[in-house]
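Here's the letter readout for the chains.
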Number of protein chains: 2
Amino acid sequence: MQSLAKTSLVDSAAEAIRAEIVGHRWSVGEKLPNEAQLSAQLSISRGTVREAVRVLVSQGYLETRQGSGTYVLSVVDATGPLTMARRATLRDQFEARLALDAEAARLAAHRQTPTVITELRRLLAERGNYDGQDKAGFVDRDFAFHRAVVAASQNSVLVNMYEFFSGLIGETIEATLGKDLQEPDMAAHAAIVDAIETGDPEMAEAAVRRFMAPVLRDLERLLGS
Amino acid sequence: MQSLAKTSLVDSAAEAIRAEIVGHRWSVGEKLPNEAQLSAQLSISRGTVREAVRVLVSQGYLETRQGSGTYVLSVVDATGPLTMARRATLRDQFEARLALDAEAARLAAHRQTPTVITELRRLLAERGNYDGQDKAGFVDRDFAFHRAVVAASQNSVLVNMYEFFSGLIGETIEATLGKDLQEPDMAAHAAIVDAIETGDPEMAEAAVRRFMAPVLRDLERLLGS
DNA sequence: AATTACCAAATCATCAGATGACTTGATCAT
DNA sequence: ATGATCAAGTCATCTGATGATTTGGTAATT
C-alpha cells in the first residue's frame, strides 16, 4: 500500500514559496512580503512561516536580513540534484565521484607546488598499508590522503562535492553490499602523487583512472553485471 | 575588512546539533532528546530549537516523527556541498561543471547508440547558429543540446548535477560579469557528437576539453587573471 | 493465551501574543 | 551638504498554550 505523505504545513508552505521563487514571481534580489503578510496570505501562523523560510534559507533560495526583510538569493534548485543522488545507483555515484576525482587530479597537476607534493607523500606514508587491525583508523587515514589530493586542486567546489559523494558511497555500500570494496595498494597511490608532480594534467588524470579501474571492475562484479 | 558573521541562535544551535551528529553522539536511527530537553540544554526557546531541527531535517540529517520524536537519519550532509557551491567563484563552478561534462562524454561514448547520435544531431541542427534575435530561445536550444550530451551518459547523477551547475553558472555570470561568454560555433559542437560516435572515451573527453578551452580562456580574461 | 479495543502519556505541530535587536529612511540641527 | 538623531518597519527570540499523532500499557473479549 502506498503511504501517502501528508506533508506538514511547514513543508507545504516552503514548497509554495519555493514554487513562486522558481516561477519568477520575485526576481533575484527582490524582497518578499514580511512574515506577517506571508502568514496572512498562506493562512498559517508566523512561527510556521519562519520555519518554512528557514528551510529555504538553508537551501540557498532566500536570505533574511534582520530589520530589513527577506530577499531572493537564487532561483536555482539545489534540492533536486542531491536528493536524486541519494537514491541513485552505486554505479552512478561512483562515476560522479570519479568525474570529480579526475578533474581534481588535472588541476592539482596544473597547480602543484613542492610543498603540496611533500604533504601528499607525508599523508601517504602515514596511511601505510592495512595491518589487519584498526580498520576505522586506516579508512580515515586513507580518506585523508584522497581528500588531500582533491584539495590540491584548490577548488572548493570539487572538495565539497568529493566529500559528499565519498560519504554517500560509504553509506550506500553499507546499505547495499554490506561489505567493502578492495582498496588499491600503496604503489597505485604513489603513482598518483608522482603523476601530479610531473605537472602534466593528462598524466595525472590517467593515473587516477588507472587507480580506479580495478575498483570499478570489482564493483561491477559485486553488482552482478 | 572582514565582516565577521555573527551567527544567529538558530544557526549556532543547528551547528551544535550537527556537530553532535557527525561526532556520533547519537548513531543513525537513534532518538534525540525531545524539544523541551534540547531547549533546556542549549538554553534557547523551543521555537528556536524547532527552527534549528527543521534546518537539519531539510539537510537530510534528521527526521521528525510526530508523537514519537526526532531521529538521526544520516551523518552525510545533503545540501552543504551545493549551498557551498553557490558561494564559490565562477572559476571553481566552471571547473566543476567541466568535470561532469568530461566524464559524461566518456560514458556517452562508451554507451553510445545510433539512436542517441541521431537525436544529438537533430538537436544540434535545431539549435542552429545565433541569428541575432530571440536570445532566450537560442540559449534554451543550446542548453537542450548540451544536456542531451550529458544525458547520453545514462547517469542520472551527472545529469542532475550538470543542470544544477549550468543554472548556477548562469546566475553567477549575470551577477558578476553582467554579460555573456563567447559561445563556440557549430563545428565545435559537431566535433563532440562525432567523437562520441567513435565510441572512444579518450576522444570524447578530448573533444569536450577542446570545446571548453576557449571559453575558459575567455573567462580568465574577463576575471582579469 | 492470543487478540482486540481502548486509553493515557509522550511528543511533535501549530498557533497567538509580546518583547528585543537591527536596519533604514526621514528629520533636523549644524 | 553633512552629520546626528529618531521613528517606523522587520526579523529574532521568548513564553505559553492547544491540537494531532504515535506509542505502549491495560483491560475486555475470544
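This structure is a prediction, so every number in the text was calculated from the model and none was measured.

A. Representation of the overall build of chain A in the model. Scanning chain A from N- to C-terminus turns up 10 helices and 2 strands. Each helix and strand of chain A, ordered N terminal to C terminal, gives the series α-α-α-β-β-α-α-α-α-α-α-α. In chain A, which comprises 225 residues, the share counted as buried stands at 36%.

B. Up close: the interface of chain B and chain A. Facing 41 residues of chain B, the contacting portion of chain A comprises 40 residues. Looking at which element gives the most residues to the side of chain B that touches chain A, the answer is helix H5 (residues 90-110) of chain B, with 10 residues. Its residues assigned to classes, the side of chain B that touches chain A comprises 20 nonpolar, 12 polar and 9 charged.

C. Structural view of the protein's contact with DNA strand D. In the region of DNA strand D, 20 residues are neighbours, and Asn34(A), Gly67(A), Leu9(B), Ser45(B) and Gly67(B) sit closest. Looking at the surface near DNA strand D, the elements with two or more residues in it are strand S2 (69-72) of chain A together with helix H1 (9-22) and helix H3 (46-58) of chain B. At 3 residues, the largest contribution of residues to the surface near DNA strand D is made by H3(B). Among the residues making up the surface near DNA strand D, the classes are represented as 3 nonpolar, 13 polar and 4 charged.

D. Molecular detail of the protein's contact with DNA strand C. Near DNA strand C you find 20 residues, and of these Leu9(A), Ser45(A), Thr48(A), Gly67(A) and Asn34(B) are the closest. Broken down by secondary-structure element, the contributors of at least two residues to the surface near DNA strand C are helix H1 (9-22) and helix H3 (46-58) of chain A together with H3 and strand S2 (69-72) of chain B. Broken down by class, the residue content of the surface near DNA strand C amounts to 3 nonpolar, 14 polar and 3 charged.

E. Just the domain arrangement of chain A, in detail. Partitioning chain A into domains gives domain 1 (9-72) and domain 2 (80-223). A straight line from the C-alpha centre of domain 1 of chain A to that of domain 2 of chain A covers 39 Å.

F. Representation of the pairing of strand S1 (residues 62-65) of chain A. The pairing of S1(A) with S2(A) spans 4 bridges and is classified as antiparallel. Considered in S2(A), the bridge of Leu62(A) is made with Val72(A).

G. Main features of the UniProt feature "domain: HTH gntR-type" (unreviewed entry) in chain A. Under the local residue numbering, the UniProt record ascribes the feature "domain: HTH gntR-type" (unreviewed entry) to residues 7-75 of chain A. As annotated, residues 7-75 of chain A comprises 51% helix and 12% strand, and the C-alpha atoms at either end are separated by 23 Å.

H. Representation of the nonpolar core within the structure. In terms of nonpolar packing, the biggest core is built from 75 residues, with Leu100(A), Ala105(A), Leu158(A), Leu100(B), Ala105(B) and Leu158(B) touching the most fellow members. Setting aside its immediate chain neighbours within four residues, Ala105(B) contacts Val149(B), Ile192(B), Ile196(B), Ala204(B), Glu205(B), Ala207(B) and Val208(B). Of all hydrophobic cores here, the second largest spans 32 residues; its members include Ile17(A), Leu32(B), Leu38(B) and Ala52(B).

I. Inspection of the packing of helix H5 (residues 90-110) of chain A against helix H8 (residues 156-176) of chain B at higher detail. At their nearest, the axes of H5(A) and H8(B) sit 8 Å apart, and the two run at 50° to each other. Looking at the two axes, H5(A) sits oblique to H8(B). Where H5(A) abuts H8(B), its residues Asp92(A), Gln93(A), Glu95(A), Ala96(A) and Ala99(A) lie against Ser156(B), Val157(B), Leu158(B) and Met161(B). Partitioning the contact of H5(A) with H8(B) into residue classes produces 5 nonpolar, 2 polar and 2 charged.

J. Seen up close, the relation of the copies chain B and chain A. Of the two same-sequence chains, chain B is brought onto chain A (RMSD 2.0 Å, axial shift 0.5 Å) by a rotation of 178°. Taken together, the rotation and translation describe the operation of a two-fold axis. Ranked by how close their C-alpha atoms come to the rotation axis, the residues of chain B are headed by Thr79(B), at 1.7 Å. In this assembly the copies share their binding face: 95% of the residues contributing to the interface of chain B also contribute to that of chain A.

K. Fine view of the environment of Val72(A). Residue and element names in this part refer to chain A. Relative to the assigned elements, Val72 resides in strand S2. What makes Val72 buried here is the crowd of 21 C-beta atoms within 10 Å. Separated by 15 residues in sequence, Val72 and Val57 place their C-alpha atoms 9.2 Å apart. When neighbours within four sequence positions are excluded, Val72 is seen to be in contact with Ile21, Trp26, Ser27, Val28, Gly29, Glu30 and Leu62.

L. Broad picture of unusual backbone geometry. All names here are of chain B. Positive phi is not limited to glycine here, since Ser43 has a value of about 60°. Counting through the fold element by element, Ser43 comes out in the loop between helix H2 (35-42) and H3. Phi is positive for Gln154, close to 60°, though the residue is something other than glycine. Mapped onto the secondary structure, Gln154 falls in the loop between helix H7 (135-151) and H8. The class for Gln154 is partly exposed, based on 18 C-beta atoms found within 10 Å.

M. Summary view of the packing of H5(A) against helix H10 (residues 201-223) of chain A. All names here are of chain A. Packing of H5 against H10 leaves a shortest axis separation of 8 Å and a crossing angle of 165°. Classified by the angle between their axes, H5 and H10 sit roughly antiparallel to one another. Note that H5 runs across H10; the crossing there is right-handed. Facing Leu90, Arg91, Phe94, Leu98, Asp101, Ala102, Ala105, Arg106, Ala108, Ala109 and His110 of H5, the residues of H10 in contact are Pro201, Ala204, Glu205, Ala207, Val208, Arg209, Met212, Leu216, Leu219 and Leu223.

N. Highlighting H10(A). Residues and elements named next belong to chain A. In this model, H10 (23 residues) spans 32 Å end to end at C-alpha, consistent with the 33 Å of a helix rising 1.5 Å per residue. Of all the bends in H10, the largest measures some 30° and sits at Met212, one to four residues before the proline Pro214. Taken as a whole, H10 has its buried residues at Ala204, Glu205, Ala207, Val208 and Phe211. Buried residues along H10 sit in contact with H5 and helix H9 (186-198).

O. Structural view of the confidence of the model for chain A. Put simply, chain A has an average pLDDT of 87, and 95% of its residues get 70 or more. At the low end of the mean pLDDT range in chain A sits helix H4 (residues 79-87) of chain A, at 76; at the high end sits H5(A), at 95.

P. Fine view of helix H8 (residues 156-176) of chain A. Taking 1.5 Å as the rise per residue, H8(A) with 21 residues should run 30 Å; its terminal C-alpha atoms sit 30 Å apart, in good agreement. Buried within H8(A) are the following residues: Val157(A), Leu158(A), Val159(A), Asn160(A), Met161(A), Tyr162(A), Glu163(A), Phe164(A), Phe165(A), Leu168(A) and Thr172(A). Where H8(A) is buried, its residues meet H4, H5 and helix H7 (135-151) of chain A together with helix H4 (80-87) and H5 of chain B.

Conventions we followed
- The residue count restarts for each chain, going from 1 along the sequence in the order it is written.
- Each chain takes a letter, starting from A, and each ligand takes a number, starting from 1, following the order in which they are written.
- Side-chain atom pairs in this predicted model are given and counted only at pLDDT of 80 or more, local residue features only at pLDDT of at least 70, and totals for whole chains, interfaces and linings cover all residues.
- Helix numbering and strand numbering both begin at the N terminus, where a helix is a DSSP run of H or I of at least 4 residues and a strand a DSSP run of E of at least 2.
- For the exposure call, what matters is how many other C-beta atoms sit within 10 Å of a residue's own: 20 or more marks it buried, 12 or fewer exposed, and in between partly exposed, using C-beta atoms placed from the backbone.
- Here the contact rule is simple: place C-beta atoms from the backbone, and any two residues whose C-beta atoms are within 7 Å are in contact.
- Only Asp, Glu, Lys and Arg are considered charged, only Ala, Val, Leu, Ile, Met, Phe, Trp, Tyr, Cys and Pro nonpolar, and every remaining residue, Gly among them, polar.
- Whether a residue is near a molecule or strand depends on its C-beta atom, placed from the backbone, lying within 6 Å of it.
- Throughout the structure description, domain borders are defined by an automatic or database domain assignment.
- Strand pairing is assigned whenever DSSP detects at least two bridges linking the two strands.
- UniProt positions are given in the numbering used here, feature names are shortened, and annotations may be inferred rather than shown by experiment.
- Definition of nonpolar core: a set of buried Ala, Val, Leu, Ile, Met, Phe, Trp, Tyr and Cys residues joined via C-beta atoms within 7 Å.
- The angle between two axes is taken between their N-to-C directions and runs from 0 to 180 degrees, where each axis is a line fitted to C-alpha atoms and a helix contributes only its stretch in contact.
- Just so you know how the angles are binned, under 35 degrees is roughly parallel, over 145 roughly antiparallel, 65 to 115 roughly perpendicular, and the rest oblique.
- C-alpha atoms of residues with pLDDT of at least 70 in both copies form the basis for the least-squares superposition of the copies.
- Take the far helix as your reference; a near helix turned counterclockwise from it by less than a right angle gives a left-handed crossing, and one turned clockwise gives a right-handed crossing.
- Expected span, for any helix, means 1.5 Å times one less than how many residues it has.
- To get the bend at a given residue, fit one axis to the seven residues ending there, fit another to the seven starting there, and take the angle between those axes.
- Every residue is assigned a pLDDT by the predictor, reflecting its confidence on a scale from 0 to 100.

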